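So the chains spell out like this:
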Amino acid sequence: MALLKVKFNQKKRVKLAQGLWLMNWFSVFAGILVFSMGLFLKIELRKRSEVMDNSESHLVPNSLILMGILSCAFNGFAGKICYDSLDPAKFAKWKPLLKPYMALCCVFNVLLFFVALLCFLMRGSLDSTLAQGLKNGMKFYRDTDTPGRCFMKKTIDMLQIEFKCCGNNGYKDWFEIQWISNRYLDFSSKEVKDRIKSNVDGRYLVDGVPFSCCNPSSPRPCIQYQVTNNSAHYSYDYQTEELNLWRRGCREALLNYYSGMMSSMGAVILLVWLFEMSVMVGLRLLHTSLESITNPEDPECESEGWVLENSLKDTFKSALENLKKLGKFNQVEAGAEGAEGEEGGKTPAITTVS
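The rules behind the values
- Residues numbered from 1 in each chain as written.
- Predicted model: local features only at pLDDT ≥ 70, side-chain atom pairs only at ≥ 80, totals over all residues.
- Heavy atoms only, no water.
- Salt bridge = Lys/Arg side-chain N within 4 Å of Asp/Glu carboxyl O.
- Helix = DSSP H or I, 4+ residues; strand = E, 2+ residues; numbered from the N terminus.
- Buried < 20%, exposed > 50% of the residue type's maximum accessible area, 1.4 Å probe, protein only.
- Contact = heavy atoms within 4.5 Å.
- Phe/Tyr/Trp six-rings, centres within 6.5 Å; stacked < 30°, edge-to-face > 60°.
- 1 Å grid on protein atoms, 1.4 Å probe; cavity = no way out; pocket = protein on both sides within 12 Å on 5 of 7 lines; lining within 4 Å.
- Points joined across faces, edges and corners; volume = space filled by probe spheres on them.
- Nonpolar A, V, L, I, M, F, W, Y, C, P; charged D, E, K, R; others polar.
- UniProt positions renumbered as here; feature names shortened; annotations may be inferred.

What follows covers the pattern of salt bridges. Applying the stated criterion across every chain yields a total of ten salt bridges. As a salt-bridge pair, Lys80 and Asp84 come within 3.6 Å of each other at their nearest N and O atoms. Separated by four residues within a single helix, Lys80 and Asp84 lie in helix H2 (residues 59–84), roughly one turn from each other. The exposure class of Lys80 is partly exposed, given its relative accessible area of 39%. Two residues, Arg183 and Asp145, come together in a salt bridge whose shortest N-O distance is 2.7 Å. Placement of Arg183 in the loop between helix H6 (152–163) and helix H7 (190–197) and of Asp145 in the loop between helix H5 (123–139) and H6 is noted, with a sequence separation of 38 residues between them. With relative accessibility at 54%, the residue Arg183 sits in the exposed group. What emerges from the salt-bridge pattern is a single network uniting Glu44, Lys47, Arg48 and Glu162.

This is the structure we're talking about:
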């Protein structure tokens, strides 16, 4: 029994073709929207590429850009088919292409669904990318005189100011790296010498943070040096002074920003996918209703349209059988080729008579 079997007359076929033509052009605009979202996300990720460890994060925007282009192409082509289906003479030239086109539409919709899921599932990969990238970026913060790294201080400072964050996981991350360049250290000072000697790696470590970690909402001037030394500042307790420095790490801030953006895009892609599925079902009904016309000379006669010629269970069984036959056919061919090779490899015995 056919799945979603519907009877059509001439008027219904025309209405279906016109409705599908309009829906396909809406889908073209949806494709442009998907392409634009991918382009926007790619630009946003490139803005912070210096604090990202690898290019895996660009998988989502690249996929969105590709699916947007394919959506425009597929739906533009389908719109032309729906328009020509109103004229039997014009529609005849598209008949041989409809089945391959429907198969490509199925593949496209499956890919579109997986891209939507990818938008929701990339948080873990993005987390590790940001964690390692920020860690490396903070190490290069002091290298303002090194070619290729001189921009890193500005990048990190602007990032911390914009996202109201400090460090990788928190402000204490700055205590573990030397973020002050040797150029600005007085090596004749006893304090500087003692700090460097007290560290195994010979680094100048301080319990201080860059100015960009300061919270402008703090009621007191920012304390960015000797952050953990309560006695160095009047009426100060670094464990309760929550407004003085940003407490949130930049990894968390960026992760929430990008994952929130991608989740919103994923929701939009799912809506586009549902719309594309309805267009594909409508196109299949139009295709089968036109093919099942018993009398082509009478365009007003009734016909039947369906999504699947058999039930879902029977269609699945026949697909499995076809796959099995294809596998057996390949095995037979491989066996025949092997037998031919063995026969060709035999050398006839030659008897020498003396």
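From this point, things continue past the structure.
Now for the environment of Phe91. Relative to the assigned elements, Phe91 resides in helix H3 (residues 88–91). Overall, the relative accessible area of 4% leaves Phe91 in the buried class. Considering only alpha carbons, one finds Phe91 and Ile81, ten residues apart in sequence, at a separation of 7.1 Å. Not counting residues up to four positions away in its chain, the partners in contact with Phe91 are Ile81, Asp84, Ser85, Leu98 and Leu290.

Here the focus is the packing of aromatic side chains. Taken as a whole and assessed by the stated rule, the structure comprises twelve aromatic pairs. Look at Tyr141 and Trp174: their rings are 5.1 Å apart centre to centre, the planes differ by 70°, and that puts the pair in the edge-to-face class. Taken together, the residues span a long stretch of sequence, with Tyr141 in the loop between H5 and H6 and Trp174 in the loop between H6 and H7 at a distance of 33 residues.

Before going further, it helps to spend a moment on empty space enclosed by the protein. For the coordinates displayed, the defined rule picks out two cavities of 30 Å³ or more. Empty space within the largest cavity amounts to approximately 80 Å³. Forming the walls of the largest cavity are Asn24, Phe74, Asn75, Ala78, Tyr101, Cys105, Phe108, Asn109, Glu276, Val279, Met280 and Leu283. Secondary-structure elements contributing two or more residues to the lining of the largest cavity are H2, helix H4 (95–121) and helix H8 (250–291). Partitioned by chemical class, the residues of the lining of the largest cavity number eight nonpolar, three polar and one charged.

Moving on, we come to the UniProt feature "transmembrane region" (unreviewed entry) in the protein chain. Those places that UniProt annotates as "transmembrane region" (unreviewed entry) correspond, in this numbering, to residues 20–41, 101–122 and 255–275. Counting secondary structure, residues 101–122 comes out at 95% helix and 0% strand; the distance between its end C-alpha atoms is 31 Å. Along residues 255–275 one finds 100% helix and 0% strand; the C-alpha atoms at either end are 30 Å apart.

Moving on: the environment of Gln132. Within the secondary structure, Gln132 sits in helix H5. When its relative accessible area of 32% is taken as the criterion, Gln132 is described as partly exposed.

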